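# Architecture at a glance
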Amino acid sequence: MKLRGFNMKINATRMTTPIEEKLDQKLKVRTGMVTVSDGKSRPIPVQLHLSMEVLRLQKEEIVPPDPKPINGKERMVQIRRHKVGGLGLSIKGGAEHKLPILISRIYKNQAAHLTKELFVGDAIIKVNGEYITACPHDDAVNILRNAGDLVVLTVKHYPAATPFLQKQEEKENQQADSNSDEKDASEESLRLITNSSSSRPSSICSEFDQEPVTRWVDIVTLPLMMAYVTRYIFGTDKLRPNAFEVRGLNGLSTGIIHCDDSAVLSQWLKYISDNIIGLTHLQMKLYNRNFSVSDRIEYMGWVNEGVINNNQPWQNYKPRFLALKGADLMLFDSPPLNVMDWDKCPLIFKVYQTMFRVVKESENVDERQHCFLVQTSGQESRYLSVETRQELLRIENAWHCSVCTAVMKLGSKTFTVSYGGKTVGLTLDWNLGFSLHEAESKIPVWQYKFSQLRGSSDDGKSKLKLHFQDIETRAIETKELECSILQSLLFCMHAFLTAKVASVDPTFLCSTMP
């Protein structure tokens, strides 16, 4: 059955037992039975197979048993002689030993073996339609040698002879220099075994019965590198009850995997997500070998962005691949697959000119959970969501790391402002703090450390008030400014303050070291 689209439903029915799980943990492999339906046909059983790098949906199929000889019935087998190796078989017996001409050995990957219809213990009755049952051994050998390139053998199987002939083959391999006396004894023993079995051919037929063998065949194979797990109906804010799908590169999907038990659902979500995160971290390390410390990747992974549809905000969601690299927030339509792809990102924003804010549950605009806002000066806010609270915290932590790295690398940023009716420059400096200076002289009019800022207020347009505390008098001094790009100034000021506060924490500094 071909599995296409996203309407397919999969119902989980079994997870691994505790013993299986202990063994699988060592191998980093987990399996569980599910049923798959395309919505039209009846569900079929499928195994969910999770390894470190790949998630597979597997169907069980029966492996046809190896062909076995049919006892007591004559068979015609066509065999094409090879230039090297001839017919690829050896014979024993002959009229002088009162034995049929028996196939005693079949050589692997040669002519007789490739027919899959000839077996050790087959008696050759006819060669190209001519009986050889009364032939001595040497005559039978000559007839087979001169039978042409395409030989038709009529054979009949003697199962009682098979174990003896196989044992003789092993003995001959070990004792290549067996003498003729041993050969005569062997043939006599073979004669006795053959004669004793002739009266009860049906009693040994069960030796060749074979239990059916099954194997698992992949029907969906999804690499986990840069994949993601989602419980939402694709493109919407509707959460699937006890169900999820895994989506990979180029839109490849497992289909909908439904679990009757919420505990089983949680286990699968954790197992698959953990593997994806592990692979993502590995890929980040590989990429970062090509980038400087100040330009390294702090985070990359899938998010969903709410997009406006028919004037109804957040009705549709579009998958985006988000990365925090150096001073840049990057949004891709598809993940970068090599170092050069990082230079082809369609949307790039500077983190020190961008505001990041986690959305409270009471502020969610729809049923999507774990949302956050990203806003850059002069642009509309971008409303984004991830699957879990843990993923949201990972992005938030990576954002703070990126801001700190970007601000320290930037060092300082100057904005043109109006102060006291004059055009001056307001500089945010990583080491010095706030300083106001005349545009030409560069002489500071006033200067305060970041730690002296006690608050700020603005009119949302151009006017800004900064409230500083004097170190000596402890008095609050208010500085009123006007800036034509007020939002950009506020975002940058927030970035410098965030980085300064974060840098005070030694553990934070350690976490940002390469």
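Owing to the predicted nature of the structure, the values given are computational and were not obtained by experimental measurement.

Cut-offs applied
- Residues numbered from 1 in each chain as written.
- Predicted model: local features only at pLDDT ≥ 70, side-chain atom pairs only at ≥ 80, totals over all residues.
- Heavy atoms only, no water.
- pLDDT = per-residue confidence, 0-100.
- Contact = heavy atoms within 4.5 Å.
- Helix = DSSP H or I, 4+ residues; strand = E, 2+ residues; numbered from the N terminus.
- Expected span 1.5 Å × (residues − 1).
- Polar contact = N/O pair within 3.5 Å; in protein donor to acceptor, adjacent residues only side chain to side chain.
- Core = buried A, V, L, I, M, F, W, Y, C linked by side-chain atoms within 4.5 Å.
- Buried < 20%, exposed > 50% of the residue type's maximum accessible area, 1.4 Å probe, protein only.
- Domains from an automatic or database assignment.
- Disulfide = S-S within 2.5 Å.
- Phe/Tyr/Trp six-rings, centres within 6.5 Å; stacked < 30°, edge-to-face > 60°.

Moving on to the confidence of the model for the protein. In the predicted model, the protein carries a mean pLDDT of 82, and 78% of its residues have values of at least 70. The low-confidence segment residues 1–27, where pLDDT is below 50, has 62 contacts with residues more than four positions distant or belonging to other chains. Low pLDDT (under 50) marks residues 177–210, which in the prediction has 32 contacts with non-local residues, meaning those over four places away or in another chain.

Along its 27 residues, helix α6 (residues 262–288) runs 38 Å from first to last C-alpha, staying within 8% of the 39 Å computed at 1.5 Å per residue. If you check the start of α6, you find a side-chain oxygen 2.8 Å away from the backbone N of Ala263, and it comes from Asp261.

Among the nonpolar cores identified, the biggest contains 47 residues, and Leu322, Phe372, Val417 and Phe434 are the most heavily contacted of them. Ranked by residue count, the leading element in this core is helix α7 (residues 389–410), at eight residues. Counting only domains with at least three residues in this core, you end up with domain 2 (290–409) and domain 3 (411–487).

What follows covers the environment of Ile443. Locating Ile443 in the fold gives a position in the loop between β24 (433–438) and β25 (444–448). By relative accessible area, which is 55% here, Ile443 ends up exposed. In contact with Ile443, not counting residues within four places along its chain, are Leu436, His437 and Glu438.

Notably, Asn109 is not glycine yet its phi reads approximately 65°, a positive angle. Relative to the assigned elements, Asn109 resides in the loop between β7 (99–106) and α2 (111–115).

Moving on to the environment of Leu114. In this fold, Leu114 is placed in helix α2. Each C-alpha atom, one on Leu114 and one on Ile79, is 8.6 Å from the other, the two residues being 35 residues apart in sequence. Look past the residues within four positions of Leu114 in its chain and what remains in contact with it is His82 and Asn109.

All told, the structure shown has zero disulfides when counted by the stated rule. Free of any disulfide, Cys401 has its nearest neighbouring cysteine sulfur in Cys404, separated by 7.7 Å. Cys401 sits in the buried class, given a relative accessible area of 3%. Classification of Cys404 as buried rests on a relative accessible area of 0%.

Our focus in this paragraph is the packing of aromatic side chains. Summed over the entire model, instances satisfying the criterion amount to 15 aromatic pairs. Seen in terms of ring centroids, Trp268 and Tyr271 are 6.4 Å apart; in terms of plane orientation they differ by 85°. Their pairing is edge-to-face. Note that Trp268 and Tyr271 are positioned in helix α6 at a spacing of three residues, about one turn of the helix. Seen from their ring centres, Trp302 and Phe321 are 5.5 Å apart, and the 80° between their planes marks the pair as edge-to-face. Of this pair, Trp302 sits in strand β15 (residues 297–309) while Phe321 is found in strand β16 (residues 312–325), placing the two residues 19 residues apart along the sequence.

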